[in-house]
Amino acid sequence: MCSIYQRHVRMKMKLFCDQCAKLCLRQAVGRESRRWVRRSSNDVMGTEKMHIKSSAHILWDYLRIDDLLKKSDLILLLGNSDLRTADHAAKLYHEGLAPLLVVSGREGHGTKGRWNRPEAVVFREKLLKNHVPSQSILLELKATNTGENIRFTQRLLRDHPDVLQPRSVILVQTPFMGRRCLATFLKQWEDAEQVEVAVSSPPIPLENYPSTEAGYGSFGEVVMEMVRSMDRIQQYPDEGFQVPQPVPPPVVEAAQHLKAVLGLQKL
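Everything in this summary refers to the structure shown in the same document. (Residues numbered from 1 in each chain as written. Predicted model: local features only at pLDDT ≥ 70, side-chain atom pairs only at ≥ 80, totals over all residues. Heavy atoms only, no water.)

**Looking at the nonpolar core**
Considering soluble globular proteins, one finds that nonpolar side chains tend to be buried as a cluster. Here is the rule we go by: For our purposes a nonpolar core is just a set of buried Ala, Val, Leu, Ile, Met, Phe, Trp, Tyr and Cys residues, chained together by side-chain atoms within 4.5 Å. Exposure classes here rest on a 1.4 Å probe applied to the protein chains alone. A residue is buried below 20% of its type maximum, exposed above 50%, and partly exposed in between. Where helices and strands are cited, they refer to DSSP runs of H or I of at least four residues and of E of at least two residues respectively, numbered from the N terminus. Any two residues whose heavy atoms approach within 4.5 Å are treated as being in contact.
Core analysis: the biggest nonpolar cluster contains 44 residues, and Leu59, Leu171, Phe176, Phe185 and Met226 have the highest contact counts within it. Counting only elements with at least two residues in this core, the list comes to helix H1 (3-63), strand S1 (74-78), helix H4 (146-158), strand S4 (168-172), helix H5 (178-188), strand S5 (196-200), helix H6 (219-239) and helix H7 (249-262). Contact partners of Phe185, with chain neighbours within four places excluded, come to Ile150, Val169, Leu171, Ala192, Val195 and Val197. One finds Leu83, Ala89, Leu92 and Val132 within the second-largest nonpolar core, a separate group that totals 21 residues.

Here it is in structure tokens:
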């Protein structure tokens with residue numbers, strides 16, 4: 001083979017190798033770029049998830065009220081979709097915190113179509129399974145919202161002259177309804193200033209709260225209900241349904257963030 005031909009072949013091979021090297025470099029850079037984009041996207045998504053969880057915890061801690069309880073005249077279990085509140089009310093009864101348990105509710109926002117009988121009847125069955133004596137349970141079967149829970153219960157007690165008119169009440173509801181219950185009681189219960197009121201809910205952390213038994217099967221559904229409660233807390237005092245509640249700026253910001261994530265203006 002002549003030397004000219006050999007040089008020609010070597011040059012071709014070098015050119016080919018240079019082209020291959022550039023192609024490999026582009027492919028390597030491309031792969032690394034795609035990995036970087038994926039990592040960056042995952043980082044952004046991870047950061048946003050953390051932000052959402054942080055905002056949700058701020059609302060949860062604000063809406064939830066778990067007072068230090070002492071012996072009272074009455075436990076009022078307000079109708080809702082979470083049967084665990086009935087378990088909690090039964091526990092408080094067996095701890096001797098009140099001799100009487102009133103269950104109030106026909107059907108509300110969270111239970112429409114869920115059961116074929118009033119909320120109060122469903123919760124009474126749960127209380128009986130928890131060995132609360134039937135004679136210690138009173139039912140209010142007409143209420144369809146929190147205000148009616150309060151007003152109709154007071155009316156029910158007045159229609160039972162044999163029942164002591166309470167001077168102390170323990171309200172039992174879902175964790176994210178605690179503050180609304182208190183604000184509503186103080187507005188809707190006649191002579192509320194003469195009644196010592198406390199609020200209690202099942203001791204379940206936010207992460208463990210979603211449950212089919214609760215009627216909220218996902219974290220997103222719980223967040224939606226918390227945002228709904230925040231809307232009511234801010235709107236209802238002007239409509240005469242609740243007493244005003246102080247809302248710290250971080251809570252306002254958390255609610256606005258979650259509404260933006262959910263794509264909501266108003267619930």
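Still more ground to cover, so stick around.
**A short note on unusual backbone geometry**
Not every positive phi belongs to a glycine, and His131 is a case in point at roughly 65°. Secondary-structure assignment places His131 in the loop between helix H3 (119-129) and strand S3 (137-140). The exposure class of His131 is exposed, given its relative accessible area of 63%. Here Asp191, not a glycine, exhibits a phi torsion of approximately 60°, which is positive. If you trace the backbone, Asp191 turns up in the loop between H5 and S5.

**Things to note about the layout of surface pockets**
Condition: In the cavity and pocket records, a cavity denotes points on a 1 Å grid over the protein atoms alone where a 1.4 Å probe fits but cannot get out, a pocket denotes an open set with protein on both sides within 12 Å along at least 5 of 7 lines, and lining residues are residues with an atom within 4 Å of a point. Grid points are joined across faces, edges and corners, and a volume is the space filled by probe spheres set on the points. Three residue categories are used. Nonpolar comprises Ala, Val, Leu, Ile, Met, Phe, Trp, Tyr, Cys and Pro, charged comprises Asp, Glu, Lys and Arg, and polar comprises the others, including Gly.
Empty space within the largest pocket amounts to approximately 570 Å³. In this structure, the largest pocket is lined by 31 residues; those nearest its centre are His109, Asn145, Thr146, Met177 and Arg180. Listing elements by their share of the lining of the largest pocket, those giving two or more residues are H4, H5 and H6. The class makeup of the residues in the lining of the largest pocket is six nonpolar, 18 polar and seven charged.

**Comments concerning the packing of H6 against H7**
Stated formally: Structural elements are reduced to axes, namely lines fitted to C-alpha atoms, with helices fitted over the stretch in contact, and the angle between N-to-C directions of any two is expressed from 0 to 180 degrees. Relative orientations are named as follows: roughly parallel for angles under 35 degrees, roughly antiparallel for angles over 145 degrees, roughly perpendicular for angles from 65 to 115 degrees, and oblique for any other angle. By definition, turning the near helix anticlockwise from the far helix through less than a right angle yields a left-handed crossing, and turning it clockwise yields a right-handed one.
Running from N to C, H6 and H7 cross one another at 130°; their axes reach a closest spacing of 10 Å. Judged by the inter-axis angle, H6 sits oblique to H7. You can see that H6 and H7 cross each other, and the crossing is left-handed. Contact residues: H6 offers Val223, Met224, Val227, Met230, Asp231 and Gln234, while H7 offers Val251, Val252, Ala255, Leu258, Lys259 and Leu262.

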